[in-house]
Every structure is written in structure tokens, then in C-alpha cells.
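Structural characterization, general
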Amino acid sequence: MTIFISLFAGLGLFFIGVRLISSNLRQVIGRRLRQLIARAVTGPGSLALFGLLAGAVMQSVNAVIHVLVALVTAGAMDRKRAFPIIRWANLGTSLLALVAAIDLHALALCLVGLTGIAYYRQIDQSTRWRHAVGALLGLGLLFLGTDFIKSGAALLRTEPWLRLHISELGVWLLPSFAIGAAVAWAAQSSTTVVVITMSLAAGGLIGWNGGAMLVMGAGLGSAASAWSLAGRLQGSARQLVLFQVLLRLQGLLLTLAFYAGNRWLLDDPFGRLLDQFQMGLPARLAAFYMVVQLLSDLASRALEAPSLRWLEAWAAPSLQENLSKPHFVHDEALDEAETALLLADKEQQRLLACLPAYLDALRQDAPAALTSADQRQAAESQVLQLCEQFLVELADRQRSRDVLERSMVLRDRNRLLASLQESLVELHQAAQVASGGDERDVDEAGRATVAQLLDQLVQSLHLMLEALAETAARAQPDAEDLELLRSLTHDRSELMDGIRRRLQGSDLEAGLRQAVFSATTVFERCVWLARRYVLLLDSPNAEPSTKT
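From a predicted model like this one, the values you see are computed outputs, not experimental measurements. (Residues numbered from 1 in each chain as written. Predicted model: local features only at pLDDT ≥ 70, side-chain atom pairs only at ≥ 80, totals over all residues. Heavy atoms only, no water.)

Brief notes about the pattern of salt bridges
Our working rule: Salt bridge, as used here, is a side-chain nitrogen of Lys or Arg placed within 4 Å of a carboxyl oxygen of Asp or Glu. Per the convention used, a helix needs a DSSP run of H or I reaching at least four residues, while a strand needs a run of E reaching at least two, with both numbered from the N terminus. Three labels apply to residues, based on accessible area from a 1.4 Å probe with only protein chains included: buried if under 20% of the type maximum, exposed if over 50%, partly exposed otherwise in between.
Inspection of the entire model under this criterion finds 16 salt bridges. Note that R350 and E347 form a salt bridge whose closest N and O atoms lie 2.8 Å from each other. Residue R350 and its partner E347 are located together in helix α18 (residues 337-354), separated by 3 residues, close to a single helical turn. Among the residues examined, E347 registers a relative accessible area of 0% and is labelled buried. Between R401 and E405 there is a salt bridge, with the nearest N and O atoms lying 3.0 Å from each other. With R401 and E405 both in helix α20 (residues 401-435) and 4 residues apart, this pair spans about one turn of that helix. E405 gets classed as partly exposed once you look at its relative accessible area, which sits at 30%. Connected through shared salt-bridge partners, E388, R411, D412 and R415 make up one network.

Following this line, the structure appears as C-alpha cells:
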């Protein structure tokens, strides 16, 4: 019972560690670290080295995939560069000698100890280091869970019931295959199965055929565990997981063909080759595991083009994922201040032009909204954060007064865009509550009055935002356009107060009336924010120069 409790605790620590790493890594990755990763992991050699080391240290491709998902969703790595890393990580997990030389238990305890000191010193309360401490704790728990799993698995070979029944694995190949798949799925690591199999072989508890079937079954179990990771992932993140599933299944089919041909058609040339090196059974199984990984890699490379097409069709990037990626700003532009300012301005113009789409679901004559307002805001707010970091780094690199002044104007616009996005989502929520009151308490006349009022507010704000986006997109807005915008965004406080006073004495249900009050208040705030944006357009340093 102690053995199974150890395995169960190890799995729990492993899952907690993976979740902590995944959730904190995205937050801890800043622009500078993203640049370092992007520059370090570019060519085939660096991709191979990164994948091999990640697989060898973590001994779980699923854990590597979680890290890659965090990097891809954080914008630190393109998903096309993550695919070869997954291939090499699978090969890295087979480097048993390297893993055996690493004391994961001591490393895990050191990481947990360092995290404990960080919590004691309240470093986790710092905004700058909070997520780094969380990721460090996750890494320590992941290593500790992996060590628990290995320790519990190593004790299994000493159990009498296992010695009694294990000899049957060499005769019944299909049960051996199923056991290998089940253990690999439960342990979230095919390497665990290989370690157990090699230990059993060293003790004379299992033969070549049973061990080979255990190793091949681990490939299916690894594919199943990767499939279970897909969960609610979408787009590029889901593609990474499905790529691992395809890689394992393609390699498994090729390995089964290799095993069948070697055993029944060609009179075991693989065994005769290993005889030349005088390998014992544990070493033979380790070599066979390397062959499984190599065949998986070869199959994946041979079928790469159709596999990528299938992934694109099966897990296409979602609209929200596409919305969360910038169209213009990129790190390479930071070397040229004029270009960087121009690209940041164009990115903001694009986001400003998207603001009217927040109101599509509330307009009766508008086409169906492609995504909800809150989903759009969650995605586009990430672009605004990238723009903010982009402008901050630009100001750090370029110390000229002109660049600093213009970057400050763009940063002010950035904040106004973020506030407008949040306010439009609040308006959308308030309008939904106001238009969906309790039918038993709202008469038809009251419902019609509320619907008409909300429609007027939405149409007015939609027109205002469209005019603002059109004017901001011009290289040099003329005085008439700016004057029109100033008139459209004049103070609406008295008008909104009058509406609220009229509703105060009406027969509308209290909850519905409060929702209408919220909608008018948010509308008033949107108008004020739009006027602030107009004033920034009229600023002398508002428009980046197009001179080269």
C-alpha cells in the first residue's frame, strides 16, 4: 500500500508542478526574456539542444509541452519552432544515462527550499518576483513528484506477487503491451515504463519479448496521456499536444512493423547486431527504446506536411487567438525609433477601428458578432500590454526628447484604448441586464422605452467611435475633422442626468431601472474617454513622423 501511495502522491505533485509552471511562466516572461529565448532558440542546432536538454531533465514530454504552450501563448515562440523541439524532447527522454547522473531528489528539495526562503522573506509579495517564485515552486514540485514516481516504481519489483506473475509477460504479449500503455498513461512518462522494465530485466523477472512489448505499449500510453492534456486547449496550444499524439502513433505503427519484421520475417537481425556489442538484456531494452524514439522521429519527419495540414484543419487558431496577436509591432523595429513609433501608431489605429465591433451584438441592424465583447477585450488587451512594453523599451533605448515626448503620447493613447475597451464591455453587460428584465414585472410599454433608449445610446456611441477611428487613421487630421469630433464628444452629463431623473419617477422595476442607470453612466464615461483621445490627436506630438 505504501508503494501505491507514493505513486499517487508523486502524480499529484507532478500535476501541481505542471500547473504552477504553466500558469506562472506566462506571467514571468517579460519582453527582454522573450527576446533572449527568441534569439537563443532559432536555428536547427539550438532547437535540437533545447529539446534534448528539456526532455532529458524533465523526463516527460508532456511537461515540456506545457512549457512550450506557455511560451507560444505568451508570444515568446512561434508554434512552428515548437514542433521540432517536441521531436527532440522525445529523444531527450531516452537519455537514461544522463538522467541517472542527475539527482532529481536533491535538486527538487533544493528548489522547494529556495522557494520556502522566498516565501519567508516575502519575495512572493513583490509584483516583479511573484510569478517567478511560483514557477520555481512548480519546477521543484514537478521534480519531486517525478522522484516519488520513480521511487515507488522501483519498489514494485520487490513485491512477491509481481515476481509470481511477471514471468507470464514474456508469453502473453498483448497483456504486456496493455500494461506498458497503462503505466505510461498513469505516470505521464514513457521513461518510467522503461526504467521499470530495465529493472525487471536486470533481476531476471522479464524476457526480451515481454520487455519489448512493455516499451512499445509505453508509446501508446504516452500518446493517450498527451491526448488527455488537450482538454480545453484551443488553436496553437492544442496543435502542440496533437502533434505529440501524432508523433507517438506514427512511431508506434512503424515500430510494430519493425518488431514484426525483425522477429518473424528476417530472423532477428536486430538481435544479432546487438550481440556484436555484447549487450545485456537491460541495455538491449534501452537500445530498443532509442530505436522507438528514432522511428517516431523519422515517421514524423516523413509525414510532416500532411500532419501539419491535418493539425491546421483539426485545431485551427481561434478567432480570440488571432485577435490577441499584434499586427504591426515587433522587436526588430525597436532599433529604428521612427519606424517603431509609426508601427505603434498603426497598431493603435487598428485597435481603435475594432472598438465599434464591441457594440455589434447590441445593434439591431448590425451583422452577427464573431465573438463576444468580453472575449474580444480579453484578447485585444494582450496586444495593448505588448504595445505598452514596446513603447517603454523604446523610451529606454532612445533618449532623445522628441522620441520620449511622442512615445508618452502613444502610451497615453494606449491607456485610453484599454479604458475604452473595459467601458464598452461594461456597457454591453449593463445593456444585456437592462434589456433582459423579468417579464412578469416589466410591461410592454416599459420594455419598449428601455429598448429604444439603449438603441439610441449604442447607435450614438457607435457613430462616435467610427468617426474617431476614421480621423485617427489619417496622416494629418484637418481642423474640420477635429472640430467635428470635439462636437460629437461634447459633455453629455446634463443629458444623461435628465434621462436618469425621468426614469427615477417611472414605474420600471427597480433592478431594471438600476441597470439603465449603469448603462447611461458607462456611456457618459465612454464619451469622456473618446474626447480625451481626440485631444491627444490634436497634440503637436501626436502623429509619428514618416521621415526616414
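Structure shown, so let's carry the discussion forward.
What to know about helix α22 (residues 479-488)
Put simply, the rule reads: As used here, the arc is the angular range of directions from the helix axis to the C-beta atoms.
When α22 is considered as a whole, its buried residues turn out to be D481, L482 and L485. Down the axis, α22 shows its buried residues gathered within 95 degrees of arc, on one side only. The outward face of α22, more than 90 degrees from its buried face, is lined by the exposed residues A479 and E480.

Comments concerning a nonpolar patch on the surface
Heads up, the rule is: Residues enter a patch when their relative accessible area is above 30% and they make no salt bridge; the linking distance is 9 Å between like charges and 5 Å between nonpolar side chains (Val, Leu, Ile, Met, Phe, Trp, Tyr). Note on areas: these come from Shrake-Rupley sampling with a 1.4 Å probe, and a residue is covered only by the protein chains present in the view.
Taken together, the side chains of W227, W310 and W314 define a hydrophobic patch exposed on the protein surface, amounting to about 370 Å² of accessible area. Within the fold, W227 resides in helix α12 (residues 208-230).

Comments concerning unusual backbone geometry
Glycine aside, negative phi is the norm for most residues, and most peptide bonds take the trans geometry. Phi is positive for Q122, which is not a glycine, with a value near 60 degrees. In this fold, Q122 is placed in the loop between α7 (104-120) and α8 (130-156). By relative accessible area, which is 55% here, Q122 ends up exposed. The backbone of D268 shows a phi angle near 60 degrees, a positive value even though the residue is not glycine. Considering the arrangement of structural elements, one finds D268 in the loop between α13 (235-265) and α14 (269-276).

Remarks on the nonpolar core
Definition in use: Only buried Ala, Val, Leu, Ile, Met, Phe, Trp, Tyr and Cys residues count toward a nonpolar core, and they belong to the same one when joined by side-chain atoms within 4.5 Å.
Membership of the largest hydrophobic core comes to 63 residues, with the highest contact counts inside it found for L352, L355, L359, F390, L424, L461 and L468. Of all the elements in the fold, those that place two or more residues in this core are α18, α19 (373-397), α20, α21 (444-472), α22, α23 (493-504) and α24 (510-537). Among the elements that line this core, the one with the most residues is α24, at 14 residues. Among the nonpolar cores identified, the runner-up in size contains 28 residues, and V64, I65, A89 and L242 belong to it.

A look at empty space enclosed by the protein
Sizing a probe to match a water molecule and rolling it over the atoms shows the empty space that remains. Our working rule: The definitions used throughout rest on a 1 Å grid laid over the protein atoms alone, on which a cavity is an enclosed set of points accommodating a 1.4 Å probe that cannot get out and a pocket is an open set flanked by protein within 12 Å on both sides along at least five of seven lines; lining residues are those having an atom within 4 Å of a point. Grid points are joined across faces, edges and corners, and a volume is the space filled by probe spheres set on the points. Here the nonpolar group is Ala, Val, Leu, Ile, Met, Phe, Trp, Tyr, Cys and Pro; Asp, Glu, Lys and Arg are the charged ones; every other residue, Gly included, is treated as polar.
Tallied over the entire structure, the rule returns 3 cavities of 30 Å³ or more. One number sums up the size of the second largest cavity: a volume of about 40 Å³. Lining the second largest cavity are 11 residues, with S60, V61, S189, S190 and S222 sitting closest to its centre. Residues belonging to the lining of the second largest cavity are distributed by class as follows: 1 nonpolar, 9 polar and 1 charged.

Looking at the confidence of the model for the chain
Filter applied, for reference: Per-residue confidence from the prediction method is given by pLDDT, with values spanning 0 to 100. Only heavy atoms matter for contacts: two residues are in contact if any of them lie within 4.5 Å across the pair.
Across the chain, the average pLDDT comes to 78, with 78% of residues at or above 70. The least confident element of the chain is helix α6 (residues 96-100), whose mean pLDDT is 45; the most confident is α18, at 91. Low confidence marks residues 544-548, where pLDDT is under 50. Its contacts with residues over four positions away, or in another chain, come to 8 contacts.

As for the packing of α13 against helix α16 (residues 304-314)
Inclusion rule: Angles shown run from 0 to 180 degrees and are taken between the N-to-C directions of axes, each axis being a line fitted to C-alpha atoms and, for helices, limited to the stretch in contact. Roughly parallel means an angle under 35 degrees; roughly antiparallel means over 145; roughly perpendicular covers 65 to 115; every other angle is labelled oblique. Crossings are sorted by hand: turned counterclockwise from the far helix by less than a right angle, the near helix makes the crossing left-handed, and turned clockwise it makes it right-handed.
At a closest axis distance of 10 Å, the pairing of α13 and α16 adopts a crossing angle of 140 degrees. Relative to α16, the element α13 is oriented oblique. Like other packed secondary-structure pairs, α13 and α16 cross with a definite hand, here right-handed. In this structure, α13 contributes R238, Q239, L242, F243, L246 and Q250 to the contact, and α16 contributes S307, W310, L311, E312 and W314.

Re the packing of α12 against helix α15 (residues 281-302)
Two elements in contact, α12 and α15, have axes whose closest approach is 10 Å; the angle formed by their N-to-C orientations is 35 degrees. Read as a crossing pair, α12 and α15 show a hand that is right-handed. Residues W208, G211, A212, V215 and M216 of α12 form the contact with α15, whose participating residues are L281, R284, L285, F288, Y289 and V292. Class assignment for the residues of the contact of α12 with α15 results in 9 nonpolar, 1 polar and 1 charged.

Considerations on the packing of aromatic side chains
Each aromatic ring pair is summarised here by two numbers: the centre-to-centre distance and the angle between the ring planes. To keep it simple, the criterion reads: Pairing of aromatic rings covers Phe, Tyr and Trp, the last through its six-membered ring, and needs centres within 6.5 Å; plane angles under 30 degrees mean stacked, over 60 mean edge-to-face, and all others mean tilted. Placement of a charge over a ring requires the Lys NZ or Arg CZ to be within 6 Å of the ring centre, with the centre-to-atom vector within 35 degrees of the ring normal.
A full pass over the atoms with the stated rule returns 7 aromatic pairs. Ring centres of W310 and W314 lie 5.6 Å apart, and the angle between their planes is 10 degrees; this geometry places the pair in the stacked category. One end of the pair is W310 and the other is W314, both in helix α16 and 4 residues apart, which spans about a single turn. Following the ring pairs from residue to residue traces out a cluster consisting of W208, F258, F270 and F288. Lying across the ring of W227, R238 places its NZ or CZ 5.9 Å from the centre.

Section: the environment of G51
By secondary structure assignment, the location of G51 is in helix α3 (residues 44-58). According to the relative accessible area criterion, G51 is buried, its value standing at 0%. Separated by 33 residues in the primary sequence, G51 and P84 place their C-alpha atoms 7.8 Å from one another. With near-sequence residues (within four places) excluded, G51 lies in contact with I85, W88 and A89.

Quick notes on the side chain of R411
Among the secondary structure elements, R411 is positioned in helix α20. Given a relative accessible area of 18%, R411 falls into the buried group. Aside from chain neighbours lying at most four places away, what touches R411 is E388, L391 and V392.

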